[in-house]
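# Results of the structural survey
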Amino acid sequence: MLDIRTETDSLGPVEVPADALYGAQTARAVVNFPISGLRASSFLIRALAMIKLAAAEANQSLGLITAEQGGAIQRAAREIVDGRHHEHFIVDVFQAGAGVSLHMNANEVIANRAGQILGEPLGTYRQVHPNDHVNYGQSTNDVFPTAMRLSALLALRELYPVLDDLAGSLQAKAEEFGDVLKAGRTHMQDATPITLGQEFAAYAVAVRKAAANMREQARGLMELGLGGSAVGTGLNTHPEYRARAVANLARVSGFDLKPAEDMRWAMQSNAPMAEVSGALRTLALEMIRISNDLRLLSSGPNTGFNEIHLPSLQPGSSIMPGKVNPVLAELTAMVAFQVIGNDAATAYAVQAGQLELNVMMPAMAHNTLQSITILTNTLRELDHRCVRGLTANRERCAHYAASTIALATALNPYIGYRKAAELVKESVGTGKSIVALAREKKLLTEEQIAEILDPKNMTEPHARKA
């Protein structure tokens, strides 16, 4: 039988597991919200602990809590920042509005751990109380928006190097494939030649630009409303608390955090979350496009494009022997679909604010942090286990480069668009190449054919000779 202790909150007595660091309000939330089975991201838990650490430092320095209380709270919070006690954060991600339940979960865990440090039994709160000391001068309404922003910054700090590495791997392939001629395709039809390297260089640029956009949009997350208290007026806070708490938080987190221009705005508006979520959506859209290309270029091996070979990671069929599928490219697209859905949910949540508060913050936090996490993990695997090991099928690419009917485009300045179009029709009807027909009809000299219809020369601008 589970050992329990009884705690009392403003609604009455509540049974709590005897060894739990959380308390009555967390236990109530578990009963009230058995929704998804999903728990708060470790980034959000660490962000909450950093805020409590920064606030305790500020309150202690202002003489609002004792040195003993402040020291115990800070030690407990640091342990959580370092990854300890996260198993005691048990509130479902779908919970009461504004994140009150998760916030109190944090206050209770820190208060109980601080009490342990001071030699008190769990659940007594005689020296350190969740509300009176851990939460001194704070409200869910300024803490949760701050934690949400900070947790996104913490998570993005792990995504950025993954994006940089992926862009670097794509650029490395661009250089490796710089001499691999192939047919371009537009509308899924033959187009003029391009190199495989040029295609991959464009993918690298896309990832770099998406990463730059992410960094730019994340700047808004660094403006915080911490110190706004209940409605952004700073009720029950010391006049110097806000500046000290934010400065402490900047030091603890390593980010260039600053107080918001207007505390009411920081509480009412979650536009920075929408901006970051939108940047994640843009990255997702680019990755869907790139992963689709990887799947198409590697399609086959006998009945598809077969221009590149992706690393073989696992058998691809339970019935067809020898089949190998582009699993990481498929995964990337599926994860990106989820990110787009998360962005839609975040957008709806961001617009749902009313007057002094937007209570839909738990949804914003969960969706944005999940998007960052799954993109980080997916793109790391796509880079290391797919992009870095893919190779070019040079023979197939060369065949397509020589076969594309769009070679006729180079003849426009010499024989005109209409005659070139007739040549294309004849090529399609007879199966003869554009080069063969140009030679057969004596449209060009051999020297001109070598110059004008060389696929390599079509991959970059060339001035027409008089």
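Our subject in this report is the structure included herewith. (Residues numbered from 1 in each chain as written. Predicted model: local features only at pLDDT ≥ 70, side-chain atom pairs only at ≥ 80, totals over all residues. Heavy atoms only, no water.)

## Concerning the pairing of strand β1 (residues 4–9)
Residues in a regular strand project their side chains so that they alternate between the two faces of the sheet. In plain terms, the rule: A 1.4 Å probe rolled over the protein chains alone gives each residue an accessible area, and that area as a share of the maximum for its type sets the label: buried under 20%, exposed over 50%, partly exposed in between. Counting from the N terminus, the helices are DSSP H or I runs at least four residues long and the strands are E runs at least two residues long. Should DSSP find at least two bridges between two strands, the strands are taken to pair.
The side-chain alternation of β1 yields one buried face, formed by Arg5, Glu7 and Asp9, and one unburied face, formed by Ile4, Thr6 and Thr8. In this structure, β1 lies alongside strand β2 (residues 12–17), joined through six bridges in antiparallel fashion. Within β2, the residue paired with Ile4 across the bridge is Pro17.

## Description of helix α6 (residues 140–176)
The condition is simple: The length a helix should cover is 1.5 Å for every residue beyond the first. N or O atoms closer than or at 3.5 Å make up a polar contact, with two conditions inside protein: a donor-capable atom paired with an acceptor-capable one, and, for residues adjacent in sequence, both atoms drawn from side chains.
In this model, α6 (37 residues) spans 53 Å end to end at C-alpha, consistent with the 54 Å of a helix rising 1.5 Å per residue. One side-chain oxygen at the N-terminal end of α6 lies 3.0 Å from the backbone nitrogen of Asn141; it belongs to Ser139.

## Details of the state of the cysteines
Filter applied, for reference: Criterion for a disulfide: a pair of cysteine sulfur atoms at a distance within 2.5 Å.
What the rule picks out here adds up to zero disulfides. Just so you know, Cys386 is unpaired, no disulfide at all, and the nearest cysteine sulfur is the one on Cys397, 16 Å from it.

## Structural notes on the pattern of salt bridges
Worth spelling out the cut-off: Within this document, salt bridges are pairs made up of a side-chain nitrogen of Lys or Arg and a carboxyl oxygen of Asp or Glu, the two lying within 4 Å of each other.
Counted by the stated rule, this structure contains 24 salt bridges. Among the ionic pairs, Arg219 bridges to Glu216, the shortest N-O distance being 3.4 Å. Close ionic contact of Arg388 with Asp383 constitutes a salt bridge, the shortest N to O distance being 2.9 Å. Connected via shared salt-bridge partners are Arg75, Glu79, Arg84 and Arg113.

## A closer look at the environment of Leu21
Quick note on the threshold: Pairs of residues are marked as contacts when any of their non-hydrogen atoms sit within 4.5 Å.
For Leu21, the location among the structural elements is in the loop between β2 and α1 (24–32). In this structure, the C-alpha to C-alpha distance between Leu21 and Ala106, residues 85 residues apart in sequence, is 9.5 Å. Once residues within four sequence positions are removed from consideration, Leu21 is found in contact with His85, His88, Glu108, Val109, Asn112, Arg113, Gln116 and Leu122.

## What about the environment of Met50?
Position of Met50 relative to the elements: it lies in helix α2 (residues 42–61). Of the residues examined, Met50 reaches a relative accessible area of 3% and is grouped as buried. It is 66 Å that separates the C-alpha atoms of Met50 and Ile452, two residues lying 402 residues apart in sequence.

## Notes on the side chain of Ser371
Topologically, Ser371 is positioned in helix α12 (residues 361–385). When near neighbours in sequence (up to four residues on either side) are disregarded, Ser371 contacts Leu280, Val339 and Asn342.

## Examining the environment of Leu357
Along the chain, Leu357 turns up in the loop between α11 (327–350) and α12. The buried category is assigned to Leu357, whose relative accessible area is 16%. Leu357 has contacts with Ala98, Asn141 and Met267, leaving out every residue within four places of it along the chain.

## Observations regarding the side chain of Ser427
For Ser427, the location among the structural elements is in helix α15 (residues 417–430). With a relative accessible area of 6%, Ser427 lands in the buried category. Apart from the residues within four sequence positions on either side, Ser427 is in contact with Ile405, Lys432, Ser433, Ile434 and Leu437.

## Section: the packing of aromatic side chains
The condition is simple: Two aromatic rings, drawn from Phe, Tyr or Trp (for Trp, its six-membered ring), form a pair once their centres lie within 6.5 Å of each other, and the interplanar angle then sorts them: stacked below 30 degrees, edge-to-face above 60, tilted otherwise. Two limits define a charge over a ring: the Lys NZ or Arg CZ must be within 6 Å of the ring centre, and within 35 degrees of the ring normal.
By the definition in use, this model includes two aromatic pairs. Their ring planes at 70 degrees and their centres at 5.3 Å tell us that Phe200 and Tyr203 sit as a pair that is edge-to-face. Linking Phe200 with Tyr203, this pair stays in helix α7 (residues 196–218), spanning three residues, or about one helical turn. Like Tyr203, Phe200 is buried. Aromatic ring contacts, followed pair by pair, group Phe177, Phe200 and Tyr203 into a single cluster. The ring of Phe305 has Arg185 lying over it, and the distance from NZ or CZ to the ring centre is 4.0 Å. Cation over ring: Arg185 sits above Tyr400, and NZ or CZ is 5.0 Å from the ring centre.

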